[in-house]
Amino acid sequence: MAMACCVNPPGSETAADVVDGFYPIRPECRDDVPTTGFKPKAGRTLSARRWHAAFSQDGVLEIAGVLHRIERGGVHPSIKGVVWEFLLGCYEPKSTFNERSRLKQCRREQYGLWKSECQEMESTVGSGRLITTPIISEDGQPIEHPSKNSDISNGDQSVESEEPIYKVPVDKKVIQWKLTLPQIGLDVVRTDRTLQYYDNQKNLARLWDILAIYAWVDKEIGYCQGMSDLCSPMVIILEDEADAFWCFERLMRRLRGNFKSTRSSIGVQSQLSVLASIMKVVDPKLHQHLENLDGGEYLFAFRMLMVLFRREFSFVDALYLWELMWAMEFNPNIFSLYESSEQNDKNPVVLKEDYKLLKQYGKFERKVVKAGSKYQEGTLSIFLVASILEAKNKRLLKEAQGLDDVVKILNGITGHLDAKKACKEALKLHRKYLKKMKKP
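All figures in this text were calculated on a predicted structure; none of them were measured in a lab.

About the cut-offs
Residues numbered from 1 in each chain as written. Predicted model: local features only at pLDDT ≥ 70, side-chain atom pairs only at ≥ 80, totals over all residues. Heavy atoms only, no water. Helix = DSSP H or I, 4+ residues; strand = E, 2+ residues; numbered from the N terminus. Buried < 20%, exposed > 50% of the residue type's maximum accessible area, 1.4 Å probe, protein only. Contact = heavy atoms within 4.5 Å. Areas by Shrake-Rupley, 256 points an atom, 1.4 Å probe, with all protein chains shown as cover. Salt bridge = Lys/Arg side-chain N within 4 Å of Asp/Glu carboxyl O. Core = buried A, V, L, I, M, F, W, Y, C linked by side-chain atoms within 4.5 Å. pLDDT = per-residue confidence, 0-100. Phe/Tyr/Trp six-rings, centres within 6.5 Å; stacked < 30°, edge-to-face > 60°. Expected span 1.5 Å × (residues − 1). Polar contact = N/O pair within 3.5 Å; in protein donor to acceptor, adjacent residues only side chain to side chain. Patch = residues over 30% accessible without salt bridge, like charges linked within 9 Å, V, L, I, M, F, W, Y side chains within 5 Å. Lys, Arg positive; Asp, Glu negative; His and termini not counted. Charge placed at Lys NZ, Arg CZ, Asp CG, Glu CD.

## A short note on the overall build of the protein
A tally of regular secondary structure across the protein gives 19 helices and two strands. Out of the 440 residues belonging to the protein, those deemed buried represent 55%. Taking all contacts inside the protein whose residues are at least 6 apart in sequence as the whole, residues at least 24 apart take part in 73%. Total accessible area computed for the protein in this model is approximately 20900 Å², and 50% of it derives from carbon and sulfur atoms.

What follows is the structure, encoded as structure tokens:
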């Protein structure tokens, strides 16, 4: 199973039960992991019972009530996977059970084809092993004893690998992909190592397989550091590997612009530029202070936006934060727009005829719709960073004499943020921004 079963009925757990029952932490790491602030609450958290009741007889989802419940208290761990598939646009709420079943089967078959294609190029894919050191040189020549790359030790566990037969690739794209595989492996073995889930070699290999296959499919972006942090929760909460891949693929459609890079810029810099323009409007004094410290490019916020606050929150609270943001940003057009375009880096466009359907939009997205396209700048995650800076306004103005001080102050928030409160403050700052922008 991709996720442990919890013995308590939904809604009756303490925060510790949630962590121990669904995302167990390795005993030796418990003292180092921040305590979770998330706790399922009856009447607030989306429970399995409430989730199943939200579907009509043929499977159409009443999304408005679901979004409202998630915004109030998140999603119970027992149903996170299936709920996330809707939040991320894998399935359309208006679809039926039969339509989703057929689509799921098609996607699983497509993933199987891609996996087979990757296996033909590199036999480690799908073998339950992973690669952590180079297997080929820059010109595509195999490196001696490649089988040693995939012998990963986990305590008393060790995985023996057979000597694979390597063919020298001639396609530059194949060479580039094979050169990427060790980097994926190195990142995978460092990802969420406090969780017992990754004590199992097969689970590490599942994460590596998905990232390796994604790197082959998305040839423009390939693989970049940070993607393992974004993919790991999908692997843990979704039992089927193909379903986890497609959930990650949908998340990457939102974030892949962050990973685009040229010789002169990194993709996430566009979001940092938006953050700078927002801060200039909502807190010009703090913005000027940061500029005086040579921090006007807001590079100190790079990590927050790149991996969606995975470092600032515990694993459980990061998942809680993500689903809150996705519910608040939900746009009912997201599925049709994703399906009609191979790659969509922009936020879904809101059509005028959708204004009467505002209840089907998330809380943040409704404000964007009402404000009009002129004020669609900035995602909720950017306003979340801005709200964190606002919360530290006094300390930053008083104590920050250089960028090192800014980083130190912001590092102090790690493990001490409340996800729901952070989203609430971000929404408040968004209203303030829209109000100021509308003034002559």
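What follows continues from the structure just given.
## Let's talk about the pattern of salt bridges
According to the stated counting rule, one finds 23 salt bridges in the structure shown. Measuring nitrogen to oxygen at the nearest pair gives 2.8 Å for the salt bridge that ties Arg-190 to Asp-187. Here Glu-399 ties to Arg-395 by a salt bridge, and the two come within 3.1 Å at their closest N and O atoms. You can see Glu-399 and its partner Arg-395 sitting in helix 17 (residues 393-399), four residues apart, about one turn around the helix. One network of salt bridges, in which partners are shared, links Glu-85, Lys-104, Arg-108, Asp-240 and Asp-243.

## With respect to the nonpolar core
Membership of the largest hydrophobic core comes to 134 residues, with the highest contact counts inside it found for Met-234 and Phe-248. Ranked by the residues each element gives to this core, the list is headed by helix 13 (residues 315-328), at twelve residues. Apart from the residues within four sequence positions on either side, Met-234 is in contact with Trp-84, Leu-88, Ala-244, Cys-247, Phe-248, Leu-251, Trp-322 and Trp-326.

## Some thoughts on the confidence of the model for the protein
For the protein, mean pLDDT is 86; residues scoring 70 or higher make up 84% of the total. Taken element by element, the predicted model of the protein shows its lowest mean pLDDT in strand 2 (residues 157-158) (39) and its highest in helix 8 (residues 227-237) (98). Long-range and interchain partners of residues 3-13, a stretch whose pLDDT sits below 50, account for 21 contacts in this model, where long-range means more than four residues apart. A low-confidence stretch, residues 146-163 (pLDDT under 50), is modelled with 40 contacts involving residues beyond four sequence positions or located in other chains.

## Considering helix 8
Where burial is concerned, most of helix 8 is hidden: eleven out of the eleven residues are buried. Where helix 8 is concerned, the buried positions are Met-227, Ser-228, Asp-229, Leu-230, Cys-231, Ser-232, Pro-233, Met-234, Val-235, Ile-236 and Ile-237. Buried residues along helix 8 sit in contact with helix 4 (80-87), helix 6 (172-188), helix 7 (201-217), helix 9 (241-259), helix 12 (302-306) and helix 13.

## Comments concerning the packing of aromatic side chains
Applying the stated criterion across every chain, the model contains 23 aromatic pairs. Note on Trp-51 and Phe-55: the rings are 5.0 Å apart at their centroids and 90° apart in plane angle, and the pair reads as edge-to-face. Each member of the pair, Trp-51 together with Phe-55, is buried. An angle of 85° between the planes, with centres 6.5 Å apart, marks the rings of Phe-309 and Phe-313 as edge-to-face.

## Notes on unusual backbone geometry
Although it is not a glycine, Tyr-298 adopts a positive phi angle of roughly 60°. Residue placement: Tyr-298 occurs in the loop between helix 11 (284-292) and helix 12. The phi dihedral of Phe-309 is positive, around 65°, even though this residue is not glycine. As for its placement among the helices and strands, Phe-309 is situated in the loop between helix 12 and helix 13.

## So, helix 6
Over its 17 residues, helix 6 runs 25 Å from end to end, which matches the ideal 24 Å to within 8%, given 1.5 Å per residue. Within helix 6, burial applies to Val-174, Ile-175, Trp-177, Lys-178, Thr-180, Leu-181, Pro-182, Ile-184, Gly-185, Asp-187 and Val-188. Where helix 6 is buried, its residues meet helix 5 (97-121), helix 7 and helix 8. For helix 6, the capping residue at the N-terminal end is Asp-171, with a side-chain oxygen 2.8 Å from the backbone nitrogen of Lys-173.

## A few points about the side chain of Glu-329
Position of Glu-329 relative to the elements: it lies in the loop between helix 13 and helix 14 (334-340). Overall, the relative accessible area of 18% leaves Glu-329 in the buried class. Ignoring anything within four residues of it in the chain, the contact list for Glu-329 reads Arg-254, Phe-364, Glu-365, Thr-379, Leu-380 and Ser-381.

## Notes on a positive patch on the surface
A surface patch of like charges, here positive, comprises Lys-39, Lys-41, Arg-44, Lys-363, Lys-367, Lys-370, Lys-420, Lys-421, Lys-424, Arg-431 and Lys-438. Among the elements of the structure, helix 15 (363-371) and helix 19 (419-438) are those that each provide at least two residues to the positive patch. Tallying contributions element by element places helix 19 first for the positive patch, with five residues. Examined against the element boundaries, Lys-370 turns out to sit in helix 15. Of the residues examined, Lys-370 reaches a relative accessible area of 56% and is grouped as exposed.

## A few points about the environment of Ala-386
Locating Ala-386 in the fold gives a position in helix 16 (residues 380-391). On the accessibility criterion, Ala-386 (0% relative accessible area) is buried. Remark: the alpha-carbon pair of Ala-386 and Ala-301, spanning 85 residues in sequence, is separated by 9.5 Å. Residues within four places of Ala-386 in sequence aside, it is in contact with Leu-275, Ile-278, Met-279 and Leu-429.

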